[in-house]
There are 2 protein chains.
Amino acid sequence: MVTLAEVAQHAGVSASTVSYVLSGKRSISASTRKRVEHSIQQLGYHPNAGARALASSRSNIIALMVPLRTDMYVPVMMEIAIAVATTARTHGYDVLLLTGEEGPAAVRRIAGSSLADAMILMDVELHDERLPLLRESGRTAVLIGLPADTTGLTCVDLDFEATGALCVEHLAELGHREIAVIGEAPAVYERHTGFAERTVDGIRAKARRSGARILHRPCEGGYAAMGTTLSRIFDERPGTTGFIVQNEAAVEPLLNLLRQQGRAVPEDVSVVAICPEQVATGASVRLTSVAIPAQEMGRRSVEQVVAKLAGRDTEEVELLAPELTVRESTGPAPAAGPTDGRGRPTGSATYGGTGRHPMG
Amino acid sequence: MVTLAEVAQHAGVSASTVSYVLSGKRSISASTRKRVEHSIQQLGYHPNAGARALASSRSNIIALMVPLRTDMYVPVMMEIAIAVATTARTHGYDVLLLTGEEGPAAVRRIAGSSLADAMILMDVELHDERLPLLRESGRTAVLIGLPADTTGLTCVDLDFEATGALCVEHLAELGHREIAVIGEAPAVYERHTGFAERTVDGIRAKARRSGARILHRPCEGGYAAMGTTLSRIFDERPGTTGFIVQNEAAVEPLLNLLRQQGRAVPEDVSVVAICPEQVATGASVRLTSVAIPAQEMGRRSVEQVVAKLAGRDTEEVELLAPELTVRESTGPAPAAGPTDGRGRPTGSATYGGTGRHPMG
DNA sequence: AAGCGCTGTCGAAGCGCTTCACCGATTCTC
DNA sequence: GAGAATCGGTGAAGCGCTTCGACAGCGCTT
């Protein structure tokens, strides 16, 4: 491995000069800079990360803690992780991938060893165990998500309350009055992962103002759970015409089951999803949805980290404004006409006949 | 931050003794060990990563290069990444997340800076640009995937040839003679990502021996592409009764479109998927599938890395044996009876009537 | 009793870099 | 034209750790 000293010798300057050329922390004459840069090129020099970290107490590494639960909202997590990694690189940082496995201990370890200059935490719970440790460690940190107490912490998240409100608003404008909310798996609520609850809060608040009735049901993904949930919903509220889904794994099952029951989307029921764009556009009906801006969240969290490390101060909480894209899963609420007694419109809507699909 | 020296002083020993307690590289009397460990606890000492890396030329970091294309086989990638991270931790390593963005330059950078002790590369192409750099860097590396030339490299991968063969074998045993293969997106083949081609090789070889006819069609995911592909397939080979799908994004569209066309799965057509378990069990028909053992691949690759770093030598290429799980998407080929002239069996199979779904 | 090999501990060197203090040579300022 | 400020460069002191060689003390053997 080539060292700084060798570069210095090759260029006929002192080691410190080379260092200053590299860091730009002092002005260097054009001629020596050229010579040094040339030597660097020629020798194929790369600064040693460990030495640099030791001397400067900066590792240029950002630690990213992803949740352990590899089965939940995976694509979102992945997208965020990739966005974090690529954004970090543009600022000269590398990303260390920590899984939730180690739990709060990871915070202590990373902070204690100075392995990373900062941490980004995903999947933050309302009363997250990691937060006290984080605060006392004094390491700079940014959360993706919104805990109950944000003092001293910077947070980036989608504004889920506004998201919920936006969904209701859209459905209400289309005349829907009975709205069912298919939520995340019960476990998500039990863990008090803020976003799910905030969404429902936003939904309820807006519904009150719009005069819509809300029925909220957490739901595991998959067909079995969705089937049960769906029939309970229609038993309890036969007049349901609007759905808001916040659970990727429930989207396709919901659509297929509605179809199977002879309910056409969007003629009989409208569906709004809160999910990544890819899920919305790839579903069997192109879904009207509020996108989860995973990339943006990853990018912004890194930018916050970089700003904090640079000593600039930053907003405490940055909520990204939701955007609703209208696609083919929502339409006017059906006129309350004759039903077959189970709350389903008579006749007409049979599978394959409505041709909502791009394939026709 | 507490330093080694402080711990030494607190315990009344020299710094080197503390170091040896930590590393276990020299024998230490039980009594001093106790004292030192106690001091470490009490002071809350964590070794400084940079200093350690500098002094020992070991960073205890493994770099993981994930592909840039965040839209392809995402869940698999994520699962591998998580498995790599957690397995690495059990061996005392952390994981650095590199995206494909930087390309081959990342290899040079990481190797040059000694940031990582080893690298794990995912999404390896047949003639991957990174490999020459990797070889000349002399850094230990493990590939997840199988390039054309494996000399000097350790590779871990699912045995995709055997996987392909296994799928054909299963279908052939059920009496299917006309088999269509829905492959990955054309781009995957153009990039010569070995696994896709190896699968097809395995399929063809086995088909020759089983007397089955193969029609292979790469296919983008989604309904539009799948629709086109599907109608071309039935135009060309109306007698097709078996499908092998190797494209997560095509699975659900395929099932929905078949259903829409009145072809019941598995009564009229059988479908075997090559995909993660989760996709197979979460689809609208529980799919007979060969699982992509993402976790296992991640785990094994780390274990190979650790073995190499420890100086043990390892196999060059480790191919994991595929396992086929029979679920509800395959059944006996339909008896070649009267058809409606488009290769589709007359009557009977209409949507909703077959009740293949758990929800009934 | 001298010599041997162990074991447990220590001191010191140094890993490769950053950064501070210092210094000569210019250039500015009044 | 004297003093101050600036520029471009150097030397040396660490950053906190690992590791090598030295060595004291011990129990063996001969």
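Everything quoted here is computed from the prediction, not taken from an experiment. (Residues numbered from 1 in each chain as written. Chains lettered and ligands numbered in written order. Predicted model: local features only at pLDDT ≥ 70, side-chain atom pairs only at ≥ 80, totals over all residues. Heavy atoms only, no water.)

### Considerations on the overall build of chain A
Step number 1: Broken down by element type, chain A carries 14 helices and twelve strands.
Step number 2: For 360 residues, the compact-globule estimate of 2.2 N^0.38 gives 21 Å, and chain A exceeds it by more than 25% at 26 Å.
Step number 3: Taken along its principal axes, the extent of the C-alpha atoms in chain A is 90 × 45 × 35 Å.
Step number 4: Relative to its 360 residues, chain A shows a buried fraction of 52%.
Step number 5: Of the charged side chains in chain A, 36 are positive and 41 negative; the average position of the first set lies 4 Å away from that of the second. (Helix = DSSP H or I, 4+ residues; strand = E, 2+ residues; numbered from the N terminus. Rg over C-alpha atoms; globule rule 2.2 N^0.38 Å. Buried < 20%, exposed > 50% of the residue type's maximum accessible area, 1.4 Å probe, protein only. Lys, Arg positive; Asp, Glu negative; His and termini not counted. Charge placed at Lys NZ, Arg CZ, Asp CG, Glu CD.)

### Regarding the sheet that holds strand β7 (residues 213-218) of chain B
Residue and element names in this part refer to chain B.
Step number 1: Taken in spatial order, the six strands of this open sheet run β7-β6-β8-β9-β10-β12, and their pairing is mixed. Each of the sheet's edge strands pairs with one partner strand only, and the pair in question is β7 and β12 (324-325).
Step number 2: Note: strand β8 (residues 242-245) against strand β9 (residues 270-275), four bridges, orientation parallel. What sits directly across from G242, in β9, is S270.
Step number 3: Where helix α10 (residues 194-210) meets the sheet, it contacts β6 (178-183), β7, β8 and β9, and its direction lies at approximately 165° from that of β7. (Pairing = 2+ DSSP bridges. Contact = heavy atoms within 4.5 Å. Axes fitted to C-alpha atoms, helices over the stretch in contact; angles between N-to-C directions.)

### Digging into the domain arrangement of chain A
Step number 1: What the domain assignment lists for chain A is domain 1 (4-47), domain 2 (61-158 + 295-320) and domain 3 (160-291).
Step number 2: Once you take the C-alpha centre of each, domain 1 of chain A and domain 2 of chain A turn out to be 35 Å apart. (Domains from an automatic or database assignment.)

### So, the environment of L255 of chain A
All names here are of chain A.
Step number 1: If you trace the backbone, L255 turns up in helix α12 (residues 248-260).
Step number 2: Residue classification places L255 among the buried residues on the basis of a relative accessible area of 2%.
Step number 3: In the structure, L255 is positioned 74 residues away from S329 in sequence and 9.5 Å away in space, judged by C-alpha atoms.
Step number 4: If near-sequence neighbours (up to four positions away) are discounted, L255 is found in contact with V265, V271, A283, S284, V285 and L287.

### Considering α12 of chain A
All names here are of chain A.
Step number 1: Counting buried positions along α12 gives ten out of 13 residues, so the element sits mostly inside the fold.
Step number 2: All of the buried residues in α12 are A250, V251, E252, P253, L254, L255, N256, L257, L258 and R259.
Step number 3: Of the residues flanking the end of α12, it is G262, one or two places downstream, whose phi is positive at about 80°.

### Describing the relation of the copies chain B and chain A
Step number 1: Of the transformation superimposing chain B on chain A, the axial component is 0.0 Å and the angular component is 180°, with the fit at an RMSD of 0.1 Å. One copy is carried onto the other by what is essentially a two-fold rotation axis.
Step number 2: Taken as a fraction of all interface residues of chain B, those also at the interface in chain A reach 98%, which identifies the copy contact as same-surface. (Least-squares fit on C-alpha atoms with pLDDT ≥ 70 in both.)

### Focus on the nonpolar core
Step number 1: If you look at the biggest cluster of nonpolar residues, it comprises 100 residues, and the most contacted ones within it are I244 of chain A together with I244 of chain B.
Step number 2: Once you skip the residues sitting within four places of it in the chain, I244 of chain B turns out to touch C167, V168, L171, I179, A180, V181, I182, I203, V272 and I274 of chain B.
Step number 3: Grouped together as the second largest cluster of nonpolar side chains are 42 residues, A106 and L115 of chain A together with A141 and C155 of chain B included. (Core = buried A, V, L, I, M, F, W, Y, C linked by side-chain atoms within 4.5 Å.)

### Here we look at the protein's contact with DNA strand C
Step number 1: For DNA strand C, the set of nearby residues contains 27 residues, the closest of which are L4 and Y45 of chain A together with T17, R26 and S27 of chain B.
Step number 2: The share of sugar and phosphate among atoms of DNA strand C within 4 Å of the protein is 60%.
Step number 3: Between A55 of chain B and DNA strand C, the recorded distance is 3.4 Å, taken from a backbone N or O atom to a base oxygen.
Step number 4: At the level of secondary structure, the elements contributing two or more residues to the surface near DNA strand C comprise α2 (15-23) and α4 (49-56) of chain A together with α2 (15-23) and α4 (49-56) of chain B.
Step number 5: If you tally residues by element for the surface near DNA strand C, the top one is α4 of chain A, at five residues. (Near = heavy atom within 4 Å. Polar contact = N/O pair within 3.5 Å; in protein donor to acceptor, adjacent residues only side chain to side chain.)

### Quick look at the protein's contact with DNA strand D
Step number 1: The immediate surroundings of DNA strand D are formed by 26 residues, with T17, R26 and S27 of chain A together with L4 and Y45 of chain B found nearest.
Step number 2: Counting only the atoms of DNA strand D within 4 Å of the protein, the fraction contributed by sugar and phosphate is 53%.
Step number 3: With respect to DNA strand D, the side chain of R26 of chain B contributes an N or O atom lying 2.6 Å from a base oxygen.
Step number 4: When contributions to the surface near DNA strand D are tallied by element, the ones reaching two or more residues are α2 and α4 of chain A together with α2 and α4 of chain B.
Step number 5: Take the surface near DNA strand D: its biggest share by element is five residues, from α4 of chain B.
Step number 6: The residue makeup of the surface near DNA strand D, split by class, is eleven nonpolar, eleven polar and four charged. (Nonpolar A, V, L, I, M, F, W, Y, C, P; charged D, E, K, R; others polar.)

### A word on the confidence of the model for chain A
Step number 1: For chain A, per-residue confidence averages 91 on the pLDDT scale, and residues scoring 70 or more make up 92% of the total.
Step number 2: Contacts from residues 338-360 of chain A, a stretch scored under 50 in pLDDT, to residues over four places away or in other chains number 35 contacts. (pLDDT = per-residue confidence, 0-100.)

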